[in-house]
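# Observations on the model geometry
In case you want the letters, here they are:
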Amino acid sequence: MTQPIPLDQLPLKLTLSDMLRELAGDERRERIAVADLLDALGDRALAALLFVFALPNVLPMPPGTSAILGAPMLFLAAQMAFNMKAWLPALIARRSMARSDFLTMVERVSPWLERAEKLMKPRLTPLAVGAMESVVGAVCLLMSLAVFLPIPLGNMLPALAICLLAMGILERDGLWVLAGLATAVAAGALVSGVMWAAVKATIYFVNQVLQ
């Protein structure tokens, strides 16, 4: 295995997949903490970590996983909405996993991430910079709340919206931001429908019990 580039010497032109692989391949580390990701990703940390935390929720996950991954997304999305520097509470930042487990995860994600990165390029950039980052942050905050709530089958589409929006911001690709916004609208409609159906079912059940 080739010696990984020290994290503080990584060129900014590296893609997210490159940066994750470099961190996963750093044999000097036994564990990878969320704080390590914050440090390694630098000024790209907000969008990059939103993607990292959202991606597992796009896939079927064990019950309770969305609540664990949704909490840091709430913090990160709020910071993007208010144009703040990436920060997470120590309770979250200290969470870590074995480097070997992190490497396995990166190896599974990288092929999909690399395909996405090849499709992306700076275009429609006004939709991915400046004030639009705050708009995207606000949308991601709403989607993160949907992921965090225990809504049956309600976390996959919001998480996908966050992934698309985060990658759009990372690569300054306004087309992906538009795709993310469209997905967010669809996710909002789905989650609203599920919640309304749950409310109606609860009211019906209560009425049946009281009769």
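Predicted model, so just to flag it, every value in this text is computed and none were measured. (Residues numbered from 1 in each chain as written. Predicted model: local features only at pLDDT ≥ 70, side-chain atom pairs only at ≥ 80, totals over all residues. Heavy atoms only, no water.)

## Details of the packing of helix H3 (residues 45-58) against helix H8 (residues 156-170)
- Between H3 and H8, the least distance of the axes is 8 Å, while the angle of their chain directions is 150°. Judged by the angle between their axes, H3 and H8 are roughly antiparallel. Seen from above, H3 lies across H8 with left-handed handedness. On the side of H3, the interface is formed by Ala47, Ala48, Leu50, Phe51, Ala54, Leu55, Asn57 and Val58, while H8 contributes Met156, Ala159, Leu160, Ile162, Cys163, Ala166, Met167, Ile169 and Leu170.
- Its residues assigned to classes, the contact of H3 with H8 shows 16 nonpolar, one polar and no charged. (Axes fitted to C-alpha atoms, helices over the stretch in contact; angles between N-to-C directions. Helix = DSSP H or I, 4+ residues; strand = E, 2+ residues; numbered from the N terminus. Parallel < 35°, antiparallel > 145°, perpendicular 65-115°, else oblique. Left-handed = near helix turned anticlockwise from the far one by under 90°. Contact = heavy atoms within 4.5 Å. Nonpolar A, V, L, I, M, F, W, Y, C, P; charged D, E, K, R; others polar.)

## Notes on the pattern of salt bridges
- One pass over the full model with this rule turns up seven salt bridges.
- With a closest N to O distance of 3.7 Å, Glu133 and Arg172 form a salt bridge. With Glu133 in helix H7 (residues 131-148) and Arg172 in the loop between H8 and helix H9 (174-210), the pair connects residues that are 39 residues apart, well separated along the chain.
- Via salt bridges that share partners, Asp26, Arg28, Arg29 and Asp36 belong to a single interconnected network. (Salt bridge = Lys/Arg side-chain N within 4 Å of Asp/Glu carboxyl O.)

## Side note on the side chain of Asp36
- Note that Asp36 resides in helix H2 (residues 34-41).
- Discounting residues that sit within four places of it in the chain, Asp36 has contacts with Arg29 and Arg31.

## Concerning the side chain of Glu171
- With respect to the helices, strands and loops of the structure, Glu171 is situated in the loop between H8 and H9.
- With no salt bridge to any partner, buried Glu171 finds its closest opposite charge in Arg44, at an N-O distance of 4.1 Å.
- Those residues in contact with Glu171 that sit more than four places away from it in its chain are Arg44, Glu117, Met120, Lys121 and Pro122. (Buried < 20%, exposed > 50% of the residue type's maximum accessible area, 1.4 Å probe, protein only. Lys, Arg positive; Asp, Glu negative; His and termini not counted.)

## Topic: the packing of aromatic side chains
- Tallying each qualifying case throughout the model produces one aromatic pair.
- Centroid distance Phe75 to Trp87: 6.4 Å. Interplanar angle 75°. Geometry classified as edge-to-face. Of the two residues, Phe75 is situated in helix H4 (residues 65-81) and Trp87 in the loop between H4 and helix H5 (90-93); the sequence distance between them amounts to 12 residues. (Phe/Tyr/Trp six-rings, centres within 6.5 Å; stacked < 30°, edge-to-face > 60°.)

## Section: the nonpolar core
- Counting 55 residues, the largest nonpolar core has Leu16 and Leu50 as the members making the most contacts within it.
- In this structure Leu50 touches Ala45, Met73, Leu76, Ala77, Met80, Cys140, Ile162 and Ala166, once residues within four positions along its chain are discounted. (Core = buried A, V, L, I, M, F, W, Y, C linked by side-chain atoms within 4.5 Å.)

## Some thoughts on H7
- With 18 residues, H7 ought to run about 26 Å at 1.5 Å a step, and its terminal C-alpha atoms sit 26 Å apart, in line with that.
- Taken as a whole, H7 has its buried residues at Met132, Val136, Gly137, Val139, Cys140, Met143, Ser144, Ala146 and Val147. (Expected span 1.5 Å × (residues − 1).)

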